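# Summary of the model geometry
Chain by chain, the residues:
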Amino acid sequence: MRNRRIAAAFLGTGFALLCNLLPVAGKDSENIRSVQLNTAALTYAKELISGRRVVLDQKGAWSKDRPSTELENEFIRQHGFGEYAKWHLAIDERYPENTKRRYKFPYGDFKNVHRCGVLAAKTRAHQYRYTEIENATSRLIGMMAH
């Protein structure tokens, strides 16, 4: 009888734990599906690298090299969201087109590709399991090495 109570308690605890974890797992998979590779940005980054518009800085330099909020806003005022999107390797489909929240994984300063920006994007893509974006950053890093 005691073993049945222990088994029932164990089963109940396991069920409760599973019920708590499933919504989180579902939310993560929903987020993964909503964030997609921005193929236009990847093409643009490749063009910039081929044209030698690259800053070969070190990993970790992105925190000081990435554009400030003020610079981002000024760029959007002057060039619009279409051009702003080209500087971000991913699009989050959950947000409207003309919002900054839609565009993820910046890689440059609106003039050049920054190696540190691509490395930061690769690290974050790996962390959140955005495989397609991680693979794209690997290709860009390979191009910069040549």
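None of the values given here were measured: they were computed from a predicted structure.

About the criteria used
- Residues numbered from 1 in each chain as written.
- Predicted model: local features only at pLDDT ≥ 70, side-chain atom pairs only at ≥ 80, totals over all residues.
- Heavy atoms only, no water.
- Pairing = 2+ DSSP bridges.
- Helix = DSSP H or I, 4+ residues; strand = E, 2+ residues; numbered from the N terminus.
- Axes fitted to C-alpha atoms, helices over the stretch in contact; angles between N-to-C directions.
- Contact = heavy atoms within 4.5 Å.
- Salt bridge = Lys/Arg side-chain N within 4 Å of Asp/Glu carboxyl O.
- Buried < 20%, exposed > 50% of the residue type's maximum accessible area, 1.4 Å probe, protein only.

Right, let's get into the sheet that holds strand 3 (residues 88-92). If you trace the 3 strands from one edge of the open sheet to the other, you get 1-3-4, paired in antiparallel fashion. The sheet is open, and its two edges are formed by strand 1 (35-37) and strand 4 (103-106), each paired on a single side. Between one strand axis and the next, the sheet turns through 30° on average, direction left out of account. Two strands pair when backbone bridges link them, and strand 3 and strand 4 are joined in this way by 3 bridges, in the antiparallel orientation. When the sheet's bridge partners are listed, His88 is paired in strand 4 with Pro106. Helix 6 (residues 131-145) contacts strand 1, strand 3 and strand 4 of the sheet and is inclined by roughly 35° relative to strand 1.

According to the stated counting rule, one finds 6 salt bridges in the structure shown. Among the ionic pairs, Arg77 bridges to Glu74, the shortest N-O distance being 3.1 Å. In this pair, Arg77 and Glu74 are both assigned in helix 4 (residues 69-85), 3 residues apart and thus about one turn of the helix distant. The shortest N-O distance in the salt bridge between Arg102 and Glu93 comes to 3.7 Å. By relative accessible area, which is 11% here, Arg102 ends up buried.

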